[in-house]
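Below, each chain spelled out in residue letters.
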Amino acid sequence: MNIPFLDLKAQNSALKAEILPIWAEILDSAAFIGGAYVTAFEGEFASLTRTRYCIALNSGTDALRFILLALGLNPGDEVITVPNTFIATTEAISQAGGRPIFVDIDPETYTLDPGEIEEAITPRTKGIVPVHLYGQPAAMDAITAIAKKHNLWVVEDACQAHLAEYKGRPAGSLGRAAAFSFYPGKNLGACGDAGAVTTDDPELAATIAMLRDHGQIRKYYHAREGYNGRCDALQAAALSVKLKHLPQWTAARRRHAQRYRELLRNLPGLTLPRTAPDNLPACHLFVVQVDNRDLVVEALAEKGITTGLHYPLPLHRQEAYAHLHLPVGSFPVAEACAERLLSLPLYPELSEEQIVFICDCLKEILG
Ligand SMILES: Cc1ncc(COP(=O)(O)O)c(C=O)c1O
């Protein structure tokens, strides 16, 4: 059986009839940048995340970067985050003028370990960027308590966490501001690149809205230098259509994750991910740990099952961060996880038959 890691075609073909007439209308009106569709989506996403403001942008990377630029970092200012994330998290910190400082992760949830934060704080520390990795919120109460004690801000990297909840509160509403990605493969994915910031802070929202549009306060009047970081109408319109389906897609992801758990329970050589009791995860990725990971990947591929690695090399071991001089052993938990992690296919359209087949193959390979 051929099972792709991700099946975007299935989702898109089901929505084509809804999206194309709206795109035709946008083509006819030629209102491509900003406008009613962008404003409408911003309102919808703000209410979904129970925040006052949503600023739609052209990527999750810009969402993170603009939040950090708006908060204001001076050269040498430090921002604490994790090494097991997509590089966009730390690119945003560096490109906003700061320096990423890594701390290790919890071995069971794979999110930032709050017990590691205080040791990493210096007089130059300005904030913390926890990543809700694979759609599971980080331990926000503990992180926020430490941040308060040291007068630091907390910015959520919620790029993988659409509709996730922490103690009943939505991801995106748990810190000073949050960044979301609508990269096509995300739980809420555009038909191209897009992203958004959510926040309750009016000043931050206004600055980010300005930053996305060359620092303009009105046409050709610039309060500061900014960027071209806008979300276009075609993407916003597609996102509004998809947003209506997101609760039902997320429920399907949660059901599939639960099926994986049932079928893979007690399988020797395989460790299931743990969901912290405070969390209702978005189930963006279902990531197990297996012995001899690379052999398992190959054996699954031979059976037609495509898997993913998120992520194979922690950021502190990347060539891009060689200048930080962080040797092997700096973050033992993140490093050990990177060797064993394996992402299994997880998307709403996945069938029971496919899940059973994947689990049967895993049992055969690991047995
Ligand atoms: C954890 C994390 N942070 C940031 C990003 C960046 O988002 P984008 O690809 O929309 O720029 C992504 C998505 O790729 C991500 O998974």
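Moving on to the nonpolar core. Among the nonpolar cores identified, the biggest contains 103 residues, and Ile55, Ala56, Ile67, Val197 and Ile208 are the most heavily contacted of them. No other element matches helix 3 (residues 60-71), which puts eight residues into this core. A domain split of this core shows at least three residues from each of domain 1 (8-103 + 110-243) and domain 2 (246-366). Ala56 has contacts with Val38, Phe41, Glu42, Ala194, Ala196, Cys231 and Ala236, leaving out every residue within four places of it along the chain.

Strand order in the open sheet made by the three strands is 7-6-13, with antiparallel pairing throughout. Looking at strand neighbours, the two that pair on one side only are strand 7 (169-170) and strand 13 (279-280), the edges of this open sheet. Sheet analysis places strand 6 (residues 165-166) next to strand 13, joined by two bridges and oriented antiparallel. What sits directly across from Tyr166, in strand 13, is Asn279.

This part is about the site of the ligand. Around the ligand there are 15 residues in total, and Ser59, Gly60, Thr61, Ala88 and Ser181 lie nearest to it. Within the residue set of the shell around the ligand, elements represented by two or more residues are helix 3 and helix 4 (88-95). Along the lines of polarity and charge, the residues of the shell around the ligand split into five nonpolar, eight polar and two charged.

On to the sheet that holds strand 3 (residues 99-102), then. Strands belonging to one sheet form pairs held by backbone hydrogen bonds; the direction of such a pair is parallel or antiparallel. The mixed open sheet is built from seven strands, whose spatial order is 1-9-8-5-4-2-3. Across the chains shown, the open sheet's two edge strands, defined by having one partner strand only, are strand 1 (53-57) and strand 3. Between one strand and the next, the sheet's axes are offset by a mean angle of 25°, whatever the strand orientation. Against the sheet, helix 3 makes contact with strand 1, strand 4 (125-128), strand 5 (153-157), strand 8 (177-181) and strand 9 (195-199), and its axis sits at roughly 160° relative to strand 8, the strand it touches most. Helix 7 (residues 202-211) rests against strand 1, strand 8 and strand 9 of the sheet, and its axis sits at about 15° to strand 1.

With that settled, consider helix 3. An α-helix turns once every 3.6 residues. As a result, residues three or four positions apart point the same way. Here helix 3 is 12 residues long and its end C-alpha atoms lie 17 Å apart, about the 16 Å a rise of 1.5 Å per residue gives. Among the 12 residues that make up helix 3, 12 are buried, leaving the element largely enclosed by the rest of the structure. Taken together, the buried positions of helix 3 are occupied by Gly60, Thr61, Asp62, Ala63, Leu64, Arg65, Phe66, Ile67, Leu68, Leu69, Ala70 and Leu71. In the segment just after helix 3, Gly72 is the residue with positive phi, at about 85°.

Below, the discussion takes up unusual backbone geometry. For the peptide bond that leads from His310 to Tyr311, omega is 10°, which places it in the cis range. Along the chain, the position of Tyr311 falls in the loop between helix 10 (293-302) and helix 11 (332-340). The phi dihedral of Arg50 is positive, around 50°, even though this residue is not glycine. Positionally, Arg50 belongs in the loop between helix 2 (36-48) and strand 1.

Turning to its location among the elements, Glu364 is positioned in helix 12 (residues 352-366). When the C-alpha atoms of Glu364 and Ala237 are compared, they prove to be 45 Å apart, with 127 residues separating the residues in sequence.

Here is what the cut-offs are and how they apply
Residues numbered from 1 in each chain as written. Predicted model: local features only at pLDDT ≥ 70, side-chain atom pairs only at ≥ 80, totals over all residues. Core = buried A, V, L, I, M, F, W, Y, C linked by C-beta atoms within 7 Å. Buried ≥ 20, exposed ≤ 12 C-beta atoms within 10 Å, placed from the backbone. Helix = DSSP H or I, 4+ residues; strand = E, 2+ residues; numbered from the N terminus. Domains from an automatic or database assignment. Contact = placed C-beta atoms within 7 Å. Pairing = 2+ DSSP bridges. Near = placed C-beta within 6 Å. Nonpolar A, V, L, I, M, F, W, Y, C, P; charged D, E, K, R; others polar. Axes fitted to C-alpha atoms, helices over the stretch in contact; angles between N-to-C directions. Expected span 1.5 Å × (residues − 1).

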